[in-house]
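Geometric and topological summary
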Amino acid sequence: MPRELGVRKLTAFPLETEGAYGEAIPLKNCVSLKTTNNYKEIEYYSDCTTEHSSAILQYIEVEMVMSSNMGLKLVAELTGLEYANGKMAGVVGSVVPQFALAYEVLMDDNTTRRRVLYNCNLRKEEHSNETESEGEEWTLSGKALPVEIEGKQYVDLWMSESEIEAITDQETKTKYKAEYNKFFTTVIMPGEATELNYK
């Protein structure tokens, strides 16, 4: 079985209204991306022992390391800072915007997996520069929160190129391949491939 390698093709889609996203914003020069599922633990005790132990997914922590050649305008768009004509400024009380974050993971057999985090926010909390440096990197961190889609709370979606290729029903395969190919132009939702996404 192939293993995951690096991440590429990061793309942000601004959240305009609940469940509706704007135009794709490509994010070039991603160094690394780390996500951590955050769970609420549930445990019940009886007879001096653990009767039941479970967990419920609450949100996903996101840490994105980008090359510092990222433009100030793009940093401002992602983090809610003020920007105009080459000037970026932090404003107390400014609200961090929400967006969907899509990206691709390259596999070692040269196929790909794609993922979208639905209700994401990012902050640039630290900045440092060193006299002797091989090129600074910027870390953006935040959370991907659940969004309600058809009565369920979703936080992300994965798609696999190799598993779509393995679908035996040709009509179904065609629909999901078309949806996979539109991954960086529209936000793909869970469930059956919709006519909007594969036509």
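Description of the structure in this document. (Residues numbered from 1 in each chain as written. Predicted model: local features only at pLDDT ≥ 70, side-chain atom pairs only at ≥ 80, totals over all residues. Heavy atoms only, no water.)

1. Let's talk about the nonpolar core
Nonpolar side chains in soluble globular proteins tend to end up buried together. Threshold: The nonpolar core is taken to be a set of buried Ala, Val, Leu, Ile, Met, Phe, Trp, Tyr and Cys residues, with the residues joined through side-chain atoms within 4.5 Å. Each residue is placed in one exposure class: buried if its accessible area under a 1.4 Å probe, protein chains only, is under 20% of its type's maximum, exposed if it is over 50%, and partly exposed if it falls in between. A run of DSSP states H or I qualifies as a helix once it reaches four residues; a run of E qualifies as a strand once it reaches two. Both are numbered from the N-terminal end. In what follows, residue pairs with any heavy atoms lying within 4.5 Å of each other are defined as contacts.
If you look at the biggest cluster of nonpolar residues, it comprises 26 residues, and the most contacted ones within it are Leu27, Met64, Leu78 and Leu101. At the level of elements, β1 (4-17), β4 (30-46), β5 (49-67), α1 (72-79), β8 (99-107), β9 (112-123) and β10 (137-145) are the ones that each hand at least two residues to this core. For this core, the leading source of residues is β8, giving five residues. Residues in contact with Leu27, not counting those within four places in the same chain, are Leu10, Thr11, Ala12, Met64, Met66, Leu74, Leu78 and Leu101. Leu157, Ile164, Phe183 and Ile188 belong to the second largest nonpolar core, which has 18 residues in total.

2. Considering the pattern of salt bridges
To keep things clear, this is the line we draw: Definition used for salt bridges: Asp or Glu carboxyl oxygen within 4 Å of a side-chain nitrogen of Lys or Arg.
Overall, the coordinates contain six salt bridges when judged by the stated rule. Salt-bridge contacts for Glu104 lead to Lys9; the nearest nitrogen and oxygen are separated by 3.7 Å. Of the two residues, Glu104 sits in strand β8 while Lys9 sits in strand β1, which places them 95 residues apart along the sequence. Judged by relative accessible area, which is 43%, Lys9 ranks as partly exposed. When the shortest N-O distance is used, the salt bridge between Asp156 and Arg115 registers 2.8 Å. Note that Asp156 is positioned in strand β13 (residues 156-160) and Arg115 in strand β9, a separation of 41 residues in sequence. Since its relative accessible area comes to 4%, Arg115 is described here as buried. Through salt bridges with shared partners, a single network forms among Arg8, Lys9, Glu104 and Arg114.

3. Some details on α1
Listed in full, the buried residues belonging to α1 are Leu74, Val75, Ala76, Leu78 and Thr79. Where α1 ends, the next residue or the one after it, Gly80, has phi of about 85°, a positive value.

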